[in-house]
Amino acid sequence: MNKQVNTTVVRISEGNPNPPEMAGLGEIIKKGGLVAFPTETVYGLGGDALNPESSKKIYAAKGRPSDNPLIVHIADLNDLPKLVVSVPERAKKLADAFWPGPLTMILNKSDLVPTETTGGLSTVAVRFPSHKVAQELIKASGGYIAAPSANLSGKPSPTLAKYVLEDMDGRVDAIIDGGDIPIGLESTIVDLTGEKPMILRPGYITKEMLESVLGEVLTDPTILDASCKERPKAPGMRYRHYAPKGELTIVEGPADAVIETINREVLISAGERKKTGVIASDENVPYYSADVVKCIGNRNNPEEVAASLYRILREMDDENVEAIFSESFSEEGLGEAIMNRLLKAAGHRKITV
Ligand code: AMP
Ligand code: MG
C-alpha cells in the first residue's frame, strides 16, 4: 500500500489528557478518518464505530481480513445500552467491577452498530478503557470508537508509539503518542451471549477475577488446547498473531535444563549462519550466549513480563534476529495470557525438556 495520507504525530500524556489539540483529533474521527491512540492494554487504531466506511478503512490500514471483528470503545457507561439489545445482569456486574479497564464484553448488538464493525456478526465487542487519553479521544469523537490494535495484521501489537508509526505511517491521519503502555497485552474478552460466560481471549482480568464476580466462567477450549479442532469463538484467535519475523521457539522445563537446551539450540542455529536471540527472565540472563539476549523481567512478576513481551518481539525484528528462543512462564493468573500470546507468536513451536 502506498502512502495514502500524511500522518501527524501528537504527544499527549495521561497527566494532561485533554489539551486543545484533542478536539481536532475527535473531529478527524467524526469525519471518517483514523486516529491511533494509547489505551492501558496496547495502542489502538480508532475510527467511528457507527460509520461503516470508517470500519472498512481500519481493515484496509491493518491489512486485516474483514471477518475479524473490531472492539467498540466507549467512555460513558450510559452509552452501553445503545450498542446492545439489552444489558444482562452479568454485564452490569462486570462493568461495576472492572470498567473502566482491560475487559471486553461480547453482547448481542443493536441496529445502531453496522455489521462492517462486527465482521458480519450479530454480536458486538464493547470495552470502556481506563486510559485517560483514550477516554478523552472517545468523548471528543462522539462516543463510539472502533479500535483493533494499531499494528499491521499478524505483527505483535504495539506498546510504543514508534511501532505504531512504523506500521501505520501513511495509513492513518494521526497518531497520539502517549508514551509507555501500562499493561502491554490485549484486553480479556468474555462472551456473555451464551448460557454461561466464556473467556474467548485471556488477558489482564483473569478467570479468577471474573469468577469472583460471576461464579463459574468457562474458557473457549481452543485457547487451552492448540490441537483442538473446533473453531475459536473469537474470530481473531484463528489467525497467526503477535508474531515476530524470526522463528520463535519456546523451551519449557526446569531452569537448568532450559538454559542448557537453549544454549545448544543457539549453537545449532549459529552453525546455520542464523542471527540468534534469547528471551530470558532476569535471573537467567547471564547464563546465555547468543547474538542478542533480552531480559523480559522477573519471572515472579508477571506484570513486568506482560509489559515487556511485545516490545521485545519487535526489538528482535529491529535487530533482524532469525532464530529466537524463549523461556516459558507459569500459566497461573496473568501467566495464562502471557503464555497464550507467546505460544501464538511461536506458532506453537515448543520444546519440553
Ligand atoms: P484486537 O482489537 O486487534 O485485539 O481484535 C479484537 C478481537 O476481538 C478480534 O480479533 C476478535 O477475536 C474479538 N472480537 C471482536 N468482536 C467479537 C465478537 N462479536 N465475537 C467474538 N469475538 C469478537
Ligand atoms: Mg490485534
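Please refer to the structure placed before this passage.
Okay, so let's go over this structure. This is a predicted model, so every value here is computed, not measured.

## Quick look at the pattern of salt bridges
Within the structure shown, the criterion is met by 22 salt bridges. With its nearest N and O atoms 2.9 Å apart, the salt bridge here joins D79 to K82. Under the relative-accessibility criterion, K82 is labelled partly exposed at 45%. Here K155 makes a salt bridge to E166, at a shortest N to O gap of 3.9 Å. Placement of the pair is K155 in the loop between β7 (145–146) and α6 (161–168) and E166 in helix α6, with a sequence separation of eleven residues. The network of salt bridges with common partners includes K155, E166, D167 and R314.

## Remarks on the side chain of T118
Along the polypeptide, T118 turns up in the loop between β5 (103–108) and β6 (123–127). Residue class for T118 comes out buried when judged on its relative accessible area of 1%. Reaching out from T118, the side chain makes a polar contact with the backbone oxygen of L121 at a distance of 2.7 Å.

## Thoughts on helix α9 (residues 255–271)
Taking 1.5 Å per residue, 17 residues should reach 24 Å; α9 reaches 24 Å between its end C-alpha atoms and fits that length. Those residues of α9 that sit buried are V258, I259, T261, I262, N263, V266 and S269. Taken together, the buried residues of α9 touch β12 (247–252), β13 (276–280), β15 (323–327) and β16 (350–352).

## A short note on the sheet that holds β16
Reading across from one edge, β14-β13-β15-β12-β16 is the order of the five strands in this open sheet, with parallel pairing throughout. The sheet is open, and its two borders are formed by β14 (292–295) and β16, each paired with just one other strand. In this sheet, adjacent strand axes meet at a mean angle of 20° when their direction is disregarded. Two strands pair when backbone bridges link them, and β12 and β16 are joined in this way by three bridges, in the parallel orientation. Bridging from a neighbouring strand, V251 pairs with I351 of β16.

## Concerning the side chain of T249
Here T249 shows up in strand β12. Once you skip the residues sitting within four places of it in the chain, T249 turns out to touch I324, F325, S326, R349 and I351.

## A few points about the sheet that holds strand β4 (residues 71–73)
Pairing is mixed across the open sheet formed by eleven strands, whose spatial order is β1-β8-β2-β3-β7-β4-β6-β5-β9-β10-β11. The strands lining the two open edges of the sheet, one partner per strand, are β1 (8–11) and β11 (218–219). Both strand β9 (residues 188–191) and strand β10 (residues 198–201) contribute to a ladder of three bridges, which runs antiparallel. Bridge assignment links I189 to a residue of β10, and that residue is R201. Strands β5 and β9 of the sheet are contacted by helix α4 (residues 89–98), whose axis makes an angle of about 165° with β5.

The rules behind these values
- Residues numbered from 1 in each chain as written.
- Chains lettered and ligands numbered in written order.
- Predicted model: local features only at pLDDT ≥ 70, side-chain atom pairs only at ≥ 80, totals over all residues.
- Heavy atoms only, no water.
- Salt bridge = Lys/Arg side-chain N within 4 Å of Asp/Glu carboxyl O.
- Buried < 20%, exposed > 50% of the residue type's maximum accessible area, 1.4 Å probe, protein only.
- Helix = DSSP H or I, 4+ residues; strand = E, 2+ residues; numbered from the N terminus.
- Polar contact = N/O pair within 3.5 Å; in protein donor to acceptor, adjacent residues only side chain to side chain.
- Expected span 1.5 Å × (residues − 1).
- Contact = heavy atoms within 4.5 Å.
- Pairing = 2+ DSSP bridges.
- Axes fitted to C-alpha atoms, helices over the stretch in contact; angles between N-to-C directions.

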